[in-house]
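Tertiary structure, described
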Amino acid sequence: MRVPAGVLLLLVLPCLLYGADAHVHWPKKKKPLFPAIFSFGDSYADTGNYIIEVDPRPYNFSPYGVTFGRPTGRASDGLLPVDYVGTLPFVPPYLDKTQNFSEGANLAVIGARALDQAFFLQQNITSAAPMNSSLSVQLRWFEELRPSLCNTSRDCGDYLGKSLFFVGEFGGNDYLACLSAKNVEQTKQICVPAVINAIAAAAESLIQHGARRIVLPGNVAMGCLPAILTFYPSPNVSDYDSYGCLKKINALARYHNELLRSSARELRRKYPRAAIAFADYYQPVHAFLTTPELFGFDRNRTLVACCGGGGEYNFNPAAFCGFPGATACADPARSVSWDGIHLTQPAFKNIAKSWLVGPILSVALGLPFV
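A few points on the structure. (Residues numbered from 1 in each chain as written. Predicted model: local features only at pLDDT ≥ 70, side-chain atom pairs only at ≥ 80, totals over all residues. Heavy atoms only, no water.)

To continue, consider the overall build of the protein. Across its full length, the protein holds 12 helices and seven strands. Considering the protein as a whole, with its 370 residues, one finds that 57% of them fall into the buried category. Accessible area for the protein stands at about 15600 Å²; split by element, carbon and sulfur atoms hold 55% of it. (Helix = DSSP H or I, 4+ residues; strand = E, 2+ residues; numbered from the N terminus. Buried < 20%, exposed > 50% of the residue type's maximum accessible area, 1.4 Å probe, protein only. Areas by Shrake-Rupley, 256 points an atom, 1.4 Å probe, with all protein chains shown as cover.)

Right, dumping it as structure tokens:
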């Protein structure tokens, strides 16, 4: 069996950096790469804001957090990529006002969009329900937090300039809203450029506030998510790739990533003193489908949610994970998808490893990374 080069990179580099047991035990860093981490995004990054702002269910109840040992408000059985970048304690959610934010804050919220509700109304996408958070809201939260970070005992320019900023993942929730009223091609033409512009504008705003190390995570392979496969079934076999993913939806995600990569390059040209890098969600997930055994995943369940309420992909919106009628699989580590929308801890962990030896290391060193 020929193993793709991308898969080998994902497997070998962490071992070279951290030792042969890196796949099993995450290393404890004696000195953090960054003095603080500030994370903006949606459910792929939220560490507890949603359960404070909106509703504790289902993310603050079992079986969420089962691998971690308890529910934490994360949309997974365990940890997210941002959790593997920093050191303990984890970056706290911004809405938990009992926390100390001197080492960073998580401003992401499950369901957040890059675009405000006004955009969808302008496009006559009336089926897009208002969300509880958007990128502009999260930026406002950071602006409110910034004065407390920049006190007289700290050089704010040096502190924020050396801190790490994640702007994303964003776009998935925007595209689902667009697809409720438009086809894939219309979504690519109308919604994707608007989302990319919003992310780029947010990065520029953070640079104006002193940020110099910024990572822009792209979109996951949306056409491989059990929820998408359930919501957009096709009777045409030709609409699916060899792994069973929806081609057009994945093409939408790749187009988003292509434009975001270009935006990162343009931002680097515009702000040469800032280290800005694209972080790939798509290729690692594709690697999980290509050679699942190398990551410990069950080849027969790569497109099946671990926790769900039945159906071909074990995703049932009427019995979503954490609600009556849904059950969780016995071993989440064998699954790529946790609840049909979000990934399992092992999947997120492997993605984080690829970022640590790629975009995150590059921004820490101030090196370009495409």
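Tracing the sequence through the fold places D55 in the loop between α2 (49-53) and β2 (104-106). Overall, D55 belongs to the partly exposed group, its relative accessible area being 32%. Each C-alpha atom of the pair D55 and G73 lies 9.9 Å from the other, and the pair is 18 residues apart in sequence. A polar side-chain atom of D55 sits 3.0 Å from the main-chain amide nitrogen of R57. (Polar contact = N/O pair within 3.5 Å; in protein donor to acceptor, adjacent residues only side chain to side chain.)

With that settled, consider the packing of aromatic side chains. Under the counting rule described, the total for this entry stands at 21 aromatic pairs. Geometrically, the ring pair formed by Y94 and W141 is stacked, given 5.3 Å between the ring centres and 25° between the ring planes. Of the two residues, Y94 sits in the loop between α2 and β2 while W141 sits in helix α4 (residues 135-149), which places them 47 residues apart along the sequence. Both residues of the pair, Y94 and W141, count as buried. Through a chain of ring-to-ring contacts, three or more aromatic side chains come together here, namely F38, F40, F142, Y159 and F165. When the ring centre of Y255 is taken as origin, the NZ or CZ atom of K188, which lies over that ring, is 5.2 Å away. (Phe/Tyr/Trp six-rings, centres within 6.5 Å; stacked < 30°, edge-to-face > 60°. Lys NZ or Arg CZ within 6 Å of the ring centre and 35° of its normal.)

With respect to topology, five strands assemble into an open sheet ordered β2-β1-β3-β4-β5, the strand pairing being parallel. Two strands lie at the open edges of the sheet, namely β2 and β5 (275-279), each paired on one side alone. Adjacent strand axes in the sheet meet at a mean angle of 15° when their direction is disregarded. For strand β4 (residues 213-217) and β5, the ladder comprises five bridges, and the chain directions are parallel. Bridge pairing in β5 links P217 to A279. (Pairing = 2+ DSSP bridges. Axes fitted to C-alpha atoms, helices over the stretch in contact; angles between N-to-C directions.)

Enumeration over the complete set of coordinates arrives at three cavities of 30 Å³ or more. The computed volume of the largest cavity comes to approximately 60 Å³. Lining the largest cavity are S39, Y44, A45, P81, V82, F166, G168, E169, P217, Y281 and W355. By residue class, the composition of the lining of the largest cavity is eight nonpolar, two polar and one charged. Looking at the second largest cavity, its volume works out to about 50 Å³. When the residues that make up the lining of the second largest cavity are grouped by side-chain class, the tally is nine nonpolar, two polar and no charged. (1 Å grid on protein atoms, 1.4 Å probe; cavity = no way out; pocket = protein on both sides within 12 Å on 5 of 7 lines; lining within 4 Å. Points joined across faces, edges and corners; volume = space filled by probe spheres on them. Nonpolar A, V, L, I, M, F, W, Y, C, P; charged D, E, K, R; others polar.)

In this section: the pairing of β4. Judged by how many residues are buried, β4 sits mostly within the fold: five of five residues are covered. Burial along β4 is two-sided: R213, V215 and P217 facing one way and I214 and L216 facing the other are all buried. Here strand β3 (residues 164-167) runs beside β4; their pairing, made up of two bridges, is parallel. The residue of β4 that forms the bridge with F165 is I214.

Turning our attention to the nonpolar core. Residues F38, F40 and L216 are the most contacted members of the largest nonpolar core, which totals 116 residues. Looking at this core element by element, the count peaks at 13 residues for helix α7 (residues 184-208). In contact with F38, not counting residues within four places along its chain, are G104, A105, F142, L145, L149, Y159, L160, S163, L164, F165 and F166. (Core = buried A, V, L, I, M, F, W, Y, C linked by side-chain atoms within 4.5 Å. Contact = heavy atoms within 4.5 Å.)

Moving on: the pattern of salt bridges. Per the counting criterion, the structure on display carries seven salt bridges. Two residues, D158 and K162, come together in a salt bridge whose shortest N-O distance is 3.3 Å. Here K162 and D158 lie together in helix α5 (residues 156-162), a separation of four residues that amounts to about one turn. Salt-bridge contacts for K270 lead to E204; the nearest nitrogen and oxygen are separated by 2.9 Å. Remark: E204 occurs in helix α7 and K270 occurs in helix α9 (residues 247-270); sequence separation between them is 66 residues. (Salt bridge = Lys/Arg side-chain N within 4 Å of Asp/Glu carboxyl O.)

The first and last C-alpha atoms of α4 sit 20 Å apart over 15 residues, in line with the 21 Å expected at 1.5 Å per residue. Listed in full, the buried residues belonging to α4 are L135, V137, Q138, L139, W141, F142, L145 and L149. Structurally, α4 contributes buried residues whose contacts are with β1 (37-40), α2, β2, α5, β3 and α7. (Expected span 1.5 Å × (residues − 1).)

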